[in-house]
There are 2 protein chains.
Amino acid sequence: MEHRIDRIKKQLHAQSYKLTPQREATVRVLLEREEDHLSAEDIYLLVKEKAPEIGLATVYRTLELLSELKIVDKINFGDGVSRYDLRKEGAEHFHHHLVCIECGSVEEVVDDLLGDVEKIIENDWGFQVKDHRLTFHGICKQCQKATVKS
Amino acid sequence: MEHRIDRIKKQLHAQSYKLTPQREATVRVLLEREEDHLSAEDIYLLVKEKAPEIGLATVYRTLELLSELKIVDKINFGDGVSRYDLRKEGAEHFHHHLVCIECGSVEEVVDDLLGDVEKIIENDWGFQVKDHRLTFHGICKQCQKATVKS
DNA sequence: AAACAAATGATAATAATTATTATTATATAA
DNA sequence: TTATATAATAATAATTATTATCATTTGTTT
Ligand SMILES: [Mn+2]
Ligand SMILES: [Mn+2]
Ligand SMILES: [Zn+2]
Ligand SMILES: [Zn+2]
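Residues numbered from 1 in each chain as written. Chains lettered and ligands numbered in written order. Predicted model: local features only at pLDDT ≥ 70, side-chain atom pairs only at ≥ 80, totals over all residues. Heavy atoms only, no water.

Engineer: Which residues make up the protein's contact with DNA strand D, and what values do they have?
Structural biologist: Taken together, 17 residues sit near DNA strand D, with T20(A), Q22(A), T58(A), Y60(B) and S82(B) positioned nearest. Expressed as a percentage, the sugar and phosphate content of the atoms of DNA strand D within 4 Å of the protein is 70%. Contacts to DNA strand D include Y60(B), whose side-chain N or O atom sits 2.6 Å from a phosphate oxygen. Looking at the surface near DNA strand D, the elements with two or more residues in it are helix 2 (21–32) and helix 4 (56–68) of chain A together with helix 4 (56–68) of chain B. In the surface near DNA strand D, the residues fall into six nonpolar, six polar and five charged. (Near = heavy atom within 4 Å. Polar contact = N/O pair within 3.5 Å; in protein donor to acceptor, adjacent residues only side chain to side chain. Helix = DSSP H or I, 4+ residues; strand = E, 2+ residues; numbered from the N terminus. Nonpolar A, V, L, I, M, F, W, Y, C, P; charged D, E, K, R; others polar.)

Here you go:
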């Protein structure tokens, strides 16, 4: 935890931004809920528990900044809100997601499965890939079981 | 064109919806601008040229309906708006996109490159894939040339 | 024609995000 | 240290996209 915070602090300093108490509180929430996919509002409410005086706009600004520095990835699963996802330590690319159309659960796929596809895009399409977003929509394990039973 | 409209008409009738003049005008705009990725507002303005009396809410309702029937796919490229993309004739899955982070251009990749990845997701993760969204972010051909020149 | 259901247009309401502005904290220079 | 400049913040207003409401229209079924 402290180690991750330290790395992020350095990434901020490298661009001459500082890790203010508000920014640190926000990062801590993101670290504590790393598996989740929280909206700005969600994060705001959680940060308030640590730092009750924080304003919503500051949370938005912090998330915006962390996005620019590629510390978090901003993603949209099709409901009206943006969600913020901490990038896995050392990961080159954003990870993939499995979204269940029955129960709404979101699972993470940390292995990068797109190496070959990326080569095709670069070679056949002449497009220089920097990053990607891949989401599968379907039925999760639990919901499959539930369907068989009923 | 008329052939595609006819097919869509049948898809609607199959679920006992009708192809009203407003819906038809909307579908015509989508067909005419098939390569583009229009927002609801964009579509509204274009439909108005054909059917000036149409209301914005009707456009939203129509797009919602077409999404449910999988005639269009709703997608979000990270700016605040939803965009609507006609599904290619006979396509099983939504196609892929290449978004240039320099100039903002969006290119379409119609070949489905995810067959193998999908197998891994189904076998190793036990997740039953119904559809997917894949977007690459990077530098398009034109912008690469521009960079070399300068 | 009467009755009913589906669809529409106008517009109000909602919700997410961004902009503004006065204030506060932090860093730098004299 | 004190003064001064800069960056960041909180509160809140404004904006924007989308959805909800409701009276009216259209089309269909008796
Ligand atoms: Mn994730
Ligand atoms: Mn497309
Ligand atoms: Zn599920
Ligand atoms: Zn480009």
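Engineer: So what's going on with the coordination of the zinc ion (ligand 4)? Residues and values would help.
Structural biologist: Residue and element names in this part refer to chain B. Every protein donor of the zinc ion (ligand 4) is accounted for by C100 (SG), C103 (SG), C140 (SG) and C143 (SG), and the metal-donor separations fall at 2.2 to 2.4 Å. Note that the zinc ion (ligand 4) binds four donor atoms; their angles at the metal cover 106 to 114 degrees, and the shape is tetrahedral. Counting gaps between the donor residues of the zinc ion (ligand 4) yields the pattern C-x2-C-x36-C-x2-C. With a gap of 40 residues between them, C103 in the loop between strand 4 (96–100) and strand 5 (106–109) and C143 in helix 6 (residues 141–149) connect regions that are remote in the sequence. (Donors = N, O, S within 2.8 Å, 3.2 Å for Na, K, Ca; no water. Tetrahedral: all angles 85-135°; square planar, octahedral: opposite > 155°, others 65-115°.)

Engineer: Describe the side chain of R4(A), with residues and values.
Structural biologist: Residue and element names in this part refer to chain A. Residue placement: R4 occurs in helix 1 (residues 2–14). Classification of R4 by relative accessible area gives buried; the value is 16%. Residue contacts for R4: discarding those within four places in its chain leaves L31, E34, L86, R87 and E89. (Buried < 20%, exposed > 50% of the residue type's maximum accessible area, 1.4 Å probe, protein only. Contact = heavy atoms within 4.5 Å.)

Engineer: Describe the relation of the copies chain B and chain A, and please don't skip the residues or the numbers.
Structural biologist: The two chain copies are related to each other by a rotation about an axis together with a translation along it. When chain B is fitted onto chain A, the two copies agree to an RMSD of 0.1 Å after a turn of 180 degrees and an axial shift of 0.0 Å. The operation mapping one copy onto its partner corresponds to a two-fold rotation axis. Considering only C-alpha atoms, the part of chain B nearest the rotation axis is L134(B), at 2.3 Å. (Least-squares fit on C-alpha atoms with pLDDT ≥ 70 in both.)

Engineer: Give a description of the nonpolar core that names residues and reports values.
Structural biologist: I121(A), F136(A), I121(B) and F136(B) are the most contacted members of the largest nonpolar core, which has 28 residues in total. Of all the secondary structure elements, the ones that give two or more residues to this core are strand 4 (96–100), helix 5 (115–125) and strand 6 (128–139) of chain A together with strand 4, helix 5 (115–125) and strand 6 (128–139) of chain B. Discounting chain neighbours no more than four positions away, the residues touching F136(A) are H97(A), L98(A), V99(A), L114(B), V117(B), E118(B), I121(B), F127(B), V129(B), D131(B) and H132(B). By size, the runner-up hydrophobic cluster in this structure holds 26 residues, among which are V29(A), I54(A), V59(A) and L69(A). (Core = buried A, V, L, I, M, F, W, Y, C linked by side-chain atoms within 4.5 Å.)

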